[in-house]
Amino acid sequence: MIGVLLLHGSSGAPDVDRARLLEAEGYDVLAPRWTVTHEVPLESFPLDELADHDRLVVMGSSWGAEAALLLGALDERVDAVVAFAPSAYVWGRVLEDGSQRSAWTWRGEPLPFVPFAPDWAAIDDPPSYVGLYRQSVATYADAERARIPVERIRDVLLVAGGDDQVWPAVEFAAEIARRRGDLPTRIVTVPEAGHRAVLPGEEPKAAGQRMARGGTAAADRELGALAWPEILRLLADGLRVHRA
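Residues numbered from 1 in each chain as written. Predicted model: local features only at pLDDT ≥ 70, side-chain atom pairs only at ≥ 80, totals over all residues. Heavy atoms only, no water.

## So, the overall build of the chain
Link 1 in the chain: Helix and strand counts for the chain stand at five helices and eleven strands.
Link 2 in the chain: For 244 residues, the compact-globule estimate of 2.2 N^0.38 gives 18 Å, and the C-alpha radius of gyration of the chain, at 17 Å, lies within 12% of that figure.
Link 3 in the chain: Taking the principal axes of the C-alpha coordinates as reference, the chain spans close to 55 × 40 × 35 Å.
Link 4 in the chain: In the chain, buried positions account for 51% of the 244 residues.
Link 5 in the chain: In the chain, the share of contacts with a sequence separation of at least 24, taken over all contacts with a separation of at least 6, comes to 73%.
Link 6 in the chain: The chain carries 25 positive and 37 negative side-chain charges, and their two centres are separated by 2 Å. (Helix = DSSP H or I, 4+ residues; strand = E, 2+ residues; numbered from the N terminus. Rg over C-alpha atoms; globule rule 2.2 N^0.38 Å. Buried < 20%, exposed > 50% of the residue type's maximum accessible area, 1.4 Å probe, protein only. Contact = heavy atoms within 4.5 Å. Lys, Arg positive; Asp, Glu negative; His and termini not counted. Charge placed at Lys NZ, Arg CZ, Asp CG, Glu CD.)

Right, here's the structure in full:
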């Protein structure tokens, strides 16, 4: 049996439709609600509840994709990761007093993170944050320490929209692929799609803070339609390996 841990992004709303799609294919899915805050222990995600499965896959979107990639890199029980709108870096969270803390901890220690550039300001309405993420990586001298060690993950599928206005997901996906070298890595992208791919059978998400996310309804669905068979292929490949 294959277990899937499904992690939502900053919207705070579990991907219920996506969980149902995976369950209809025969997979055991956990889609927990987690609090989007700073220094979230990666151990708090319920991988233990899937530990008796033959294979573990972590699937996440946006900040959930960041967590999924970190779990794949740091927890040896994870066999594969599917990352929608992935990040190549660990990011911070801005507290009410303006200070910044790492988004994640591992074994009680905050992970190194890229701090947000303090002199950046949005010029769009609703705001696009792509420039903030690009500028933060470019100006942070120690960004290398904050890279997610994706070369430790066994198998990776990346789904990214070329018009993502939240962060440069296609650039991050390409960076992840470069760092993984010859390791199994697939990228699915549509140039006109935005931050939220919509799989066949899903409804678009409307939750989350007010911001530009890019894409169009048609392109976001096109990206999801292209990603869905790749997701099923990744899961089926794992099942074949186990049976062999």
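Okay, back to it.
## Overview of the sheet that holds strand β1 (residues 2-7)
In any sheet, the strands associate via hydrogen bonds between backbone groups, in a parallel or an antiparallel arrangement.
Link 1 in the chain: The parallel open sheet is built from six strands, whose spatial order is β2-β1-β4-β5-β10-β11. The open sheet has two free edges, formed respectively by β2 (28-30) and β11 (185-190), since each of these has just one partner strand. Between one strand axis and the next, the sheet turns through 15° on average, direction left out of account.
Link 2 in the chain: Both strand β10 (residues 156-161) and β11 contribute to a ladder of six bridges, which runs parallel. Across the sheet, the residue bridging to V156 is T185, located in β11.
Link 3 in the chain: Relative to the sheet, helix α4 (residues 169-180) contacts β10 and β11, its axis offset from that of β10 by approximately 155°. (Pairing = 2+ DSSP bridges. Axes fitted to C-alpha atoms, helices over the stretch in contact; angles between N-to-C directions.)

## Digging into the nonpolar core
Link 1 in the chain: Membership of the largest hydrophobic core comes to 48 residues, with the highest contact counts inside it found for L42, F45, L69 and W104.
Link 2 in the chain: Elements that contribute at least two residues to this core include exactly β1, β4 (55-61), α2 (63-74), β5 (80-84), β8 (104-106), α3 (130-139), β10 and α4.
Link 3 in the chain: When residues no more than four places from it in sequence are discounted, the contact partners of L42 are A67, L70, L71, L74, W104, T105, W106 and L111.
Link 4 in the chain: If you look at the next biggest cluster of nonpolar residues, it comprises 27 residues, including A19, V29, M59 and L223. (Core = buried A, V, L, I, M, F, W, Y, C linked by side-chain atoms within 4.5 Å.)

## Comments concerning the pairing of β4
Link 1 in the chain: Here β4 lies mainly inside the structure; seven of its seven residues are buried.
Link 2 in the chain: Burial along β4 is two-sided: R55, V57, M59 and S61 and L56, V58 and G60, pointing in opposite directions, are all buried.
Link 3 in the chain: Pairing analysis gives six bridges linking β1 to β4, with the strands arranged parallel. Looking across to β4, one finds that L7 is bridged to G60.
Link 4 in the chain: The pairing of β4 with β5 spans five bridges and is parallel. Along β5, the bridge assignment pairs V58 with V81.

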